[in-house]
Amino acid sequence: MSTRLPVQPSDRFVGRRRALAAALGPRAALVFAGGLRGRNYPANSYPFRADSHFLYLCGAALTDAALLVHDGRCELFVVPAAEDDALWHGEIPSASEVCRTTGVDALRSIHELPAAIASAGGARAVATLPSLDPLTRARQAALLERRWPGGRFPGVDGLDAVDLELADAVIELRLRHDDGALEMIRRAIEGTAAAHLAGMAVTRPGLFEYEVRAAMERELIAREMECAYGSIVTVHGEILHATTHHNRLSNGDLLLADVGGEYQGWASDVTRTWPVGGAFSPTQRALYEIVLAANEAAIAMVRPGVRYRDVHLAAARVLASGLVDEGILRGDPDALVERGAHALLFPHGVGHLLGLDVHDMEDLGDRAGYARGRSRSEQFGLAYLRLDRDLTPGMVVTIEPGLYVVPAILADARLCEPFAQDGSFARERLTRFSDVRGIRIEDDVLCTPTEPVVLSSSIPKTVAAVEAAVARGRV
Ligand code: GLY
Ligand code: MN
Ligand code: MN
């Protein structure tokens, strides 16, 4: 059992539900919160994280609840409190408190849901989105007579047409953040900025990655925040989603920290890379400046009407051009990018949507990230681009170019040979950069009608600012 009521005024959620109802017309929508996931025995579960679509529309994190939007009304169905709930979990908020804070019209027992579905048009007519919680998903499928494929992540394959209508309506709403959403994202980024400053200040040779991680996550916990995703704090920045933190930091290492806080469900996602010894070496600095130039060039393109794939390609061109200057790639940067040569060192996409999810709405697959009629490239590197929409005001995207020396890529003849054979990839030059394994610089950027707003701009990023922030811990 878990209950967290919203901190923002209820009209935020009422407004979103009205907008959803207007998009769906007479069709009813039923959105589930998801439930607790077991860790071992029944009283010990993982911390509850409500499904994001539910959080968006309701603001409250209520285990096993469901929200019915229909006919100009919104009803919240919850599990009635057990007799001993107050003993184990403390006072349960009253129905009137839940209604007041969420702005729903009525609070009802979840046992009344079948009857409510029947009067909202029947199981097949009520639109829903599969919960990320497998148990909830199974209950949902039974209640609403859906036949969904199994699997850990449901996605949109196999959804009924009515559910796709709901998915599209939700995507349309969540793509552009309202003021309430932006307030929460800014709050998440404030904590994240404190975390990165603390991480830089605490870093010194001899510590372990987990000690830097602890210093960073402390700042989030101290602000009533969670981690929006598993923190990456590693001297092996070339492992893109590193999940371990056991390495000891040595003088001469770069430390890559991809750490983002989550506040009331809203995410941030920031990466900085800094020198453990306090100063970048000339080779580290050379590659860092290239990544920084790509980050800044891409940020400058976050404007209405710009296709996000072009932002990615612009970052790739800056990286390719810098790599040509360093003699690692050879040829015309535009032609190198067209052939995908840059992806040998920058294998991922330049970013993604950010919102309630760190990769916002990726539970809906490319239906959220890709505009209608666009699909993923098959080229190595570009294939990992998570977003290919035209930017519009209100969108928050990450901009996160990087350079990585990934052994698995360098050992893959299929990827390297085409560029090694014609001399466009001079891999032997990489030995001069042996003190660089991975560099990423990631910011969270709001698209506005005019200039891009870098929400994470307070976090040191230039060589001088990063070195000063690391030095601050040593005085
Ligand atoms: N933190 C995961 C990412 O940057 O996409
Ligand atoms: Mn990211
Ligand atoms: Mn990240």
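Here the structure is a predicted model, which is why all the values come from computation and not from measurement.

Caption draft 1: Representation of the pairing of strand β10 (residues 254–259) in the model. The buried count for β10 comes to six of six residues, which makes it a mostly enclosed element. Burial along β10 is two-sided: the residues Leu-254, Leu-256 and Asp-258 and Leu-255, Ala-257 and Val-259 are all buried. With three bridges joining them, strand β9 (residues 232–234) and β10 adopt antiparallel strand pairing. Of the residues in β10, the one forming a bridge with Val-233 is Ala-257. As defined by bridge partners, β10 adjoins strand β13 (residues 270–275) across six bridges and the pair is classed as antiparallel. If you follow Leu-256 over to β13, its bridge partner there is Thr-273.

Caption draft 2: Examining the site of ligand 1 more closely. Taken together, Tyr-229, Asp-258, Asp-269, His-352, His-359, Glu-400 and Glu-442 make up all the residues around ligand 1. Between ligand 1 and His-352, the relevant distance is 3.1 Å, taken from an oxygen atom to a side-chain nitrogen or oxygen of the residue. At a separation of 3.2 Å, an oxygen atom of ligand 1 approaches a polar side-chain atom of Glu-442. Burial of ligand 1 by the protein amounts to 91% of the accessible area it has alone, namely 200 Å². In terms of residue class, the shell around ligand 1 is made up of one nonpolar, two polar and four charged.

Caption draft 3: The arrangement of the environment of Trp-88 in detail. Position of Trp-88 relative to the elements: it lies in helix α3 (residues 85–89). On the accessibility criterion, Trp-88 (64% relative accessible area) is exposed. Once the C-alpha coordinates of Trp-88 and Asp-412 are considered, the two residues, 324 residues apart in sequence, prove to be 55 Å apart.

Caption draft 4: Summary view of helix α10 (residues 282–300). Taking 1.5 Å per residue, 19 residues should reach 27 Å; α10 reaches 27 Å between its end C-alpha atoms and fits that length. Within α10, the full set of buried residues consists of Gln-284, Leu-287, Tyr-288, Ile-290, Val-291, Leu-292, Ala-294, Asn-295, Ala-298 and Ile-299.

Caption draft 5: Representation of the coordination of the manganese ion (ligand 3) within the structure. Surrounding the manganese ion (ligand 3) are the protein donor atoms Asp-258 (OD), Asp-258 (OD), Asp-269 (OD) and Glu-442 (OE), which sit 2.1 to 2.3 Å from the metal. Between the six donor atoms coordinating the manganese ion (ligand 3), the angles at the centre fall across 57 to 171°, so the site counts as irregular. Sequence positions of the donors to the manganese ion (ligand 3) reduce to the motif D-x10-D-x172-E. A gap of 3.3 Å separates the manganese ion (ligand 3) and the manganese ion (ligand 2), which Asp-269 links by coordinating each metal. Of this pair, Asp-258 sits in strand β10 while Glu-442 sits in the loop between β16 (438–440) and β17 (443–446), placing them 184 residues apart in sequence. Assigned by exposure class, Asp-258 and Glu-442 land together as buried.

Caption draft 6: Spatial organisation of the pattern of salt bridges. Scanning the model with the defined rule gives 36 salt bridges in all. Between Arg-303 and Glu-451 there is a salt bridge, with its nearest N and O atoms 3.4 Å apart. Taken together, the residues span a long stretch of sequence, with Arg-303 in the loop between α10 and α11 (308–325) and Glu-451 in the loop between β17 and β18 (453–454) at a distance of 148 residues. For Arg-303, a relative accessible area of 31% puts it in the partly exposed group. A salt bridge links Arg-307 to Asp-388; the nearest nitrogen and oxygen atoms lie 2.7 Å apart. One end of the pair, Arg-307, is in the loop between α10 and α11; the other, Asp-388, is in the loop between α13 (366–369) and β14 (396–399), with 81 residues separating them in the sequence. A single salt-bridge network, built from bridges that share partners, covers Arg-73, Glu-75, Arg-108 and Glu-112.

The rules behind each value
Per-chain numbering applies: the sequence of each chain, read as written, is numbered from 1 onward. Chains carry letters and ligands carry numbers; both start at the beginning, A for chains and 1 for ligands, and go up in the order they are written. Local features in a predicted model are, by the rule used here, given only for residues with pLDDT of at least 70; side-chain atom pairs are given and counted only at 80 or more, and totals for whole chains, interfaces and linings are based on all residues. By convention in this description, side-chain values take in all heavy atoms of the structure and omit both hydrogens and water. With a 1.4 Å probe rolled over the protein chains alone, any residue whose accessible area is under 20% of its type maximum counts as buried; one over 50% counts as exposed, and the rest are partly exposed. Here a helix means four or more residues in a row that DSSP labels H or I, a strand means two or more in a row labelled E, and each is numbered from the N terminus. Strand pairing requires that DSSP identify at least two bridges connecting the strands. Here a residue is considered near a molecule or strand provided that any single heavy atom belonging to it is located within 4 Å of it. In protein, a polar contact means a hydrogen-donor-capable atom and an acceptor-capable atom, both N or O and within 3.5 Å, with residues adjacent in sequence counting only if both atoms are side-chain atoms; elsewhere, any N or O pair within 3.5 Å suffices. Methods summary: accessible areas were calculated by the Shrake-Rupley approach with a probe of 1.4 Å, and residue burial reflects only the protein chains presented. For this classification, the nonpolar set comprises Ala, Val, Leu, Ile, Met, Phe, Trp, Tyr, Cys and Pro, the charged set comprises Asp, Glu, Lys and Arg, and every other residue, Gly included, is treated as polar. A helix is expected to span 1.5 Å for every residue after the first. Nitrogen, oxygen and sulfur within 2.8 Å of a metal are treated as its donors, or within 3.2 Å for sodium, potassium and calcium (Na, K, Ca); water is not counted, so a site can appear incomplete. Under the classification used here, a metal with four donors is tetrahedral if each angle lies between 85 and 135 degrees, square planar if opposite donors are over 155 degrees apart and the others between 65 and 115, a six-donor metal meeting that same test is octahedral, and anything else is irregular. By convention in these notes, a salt bridge is any Lys or Arg side-chain nitrogen within 4 Å of a carboxyl oxygen on Asp or Glu.

Taken by themselves, the reported measurements are silent on function.
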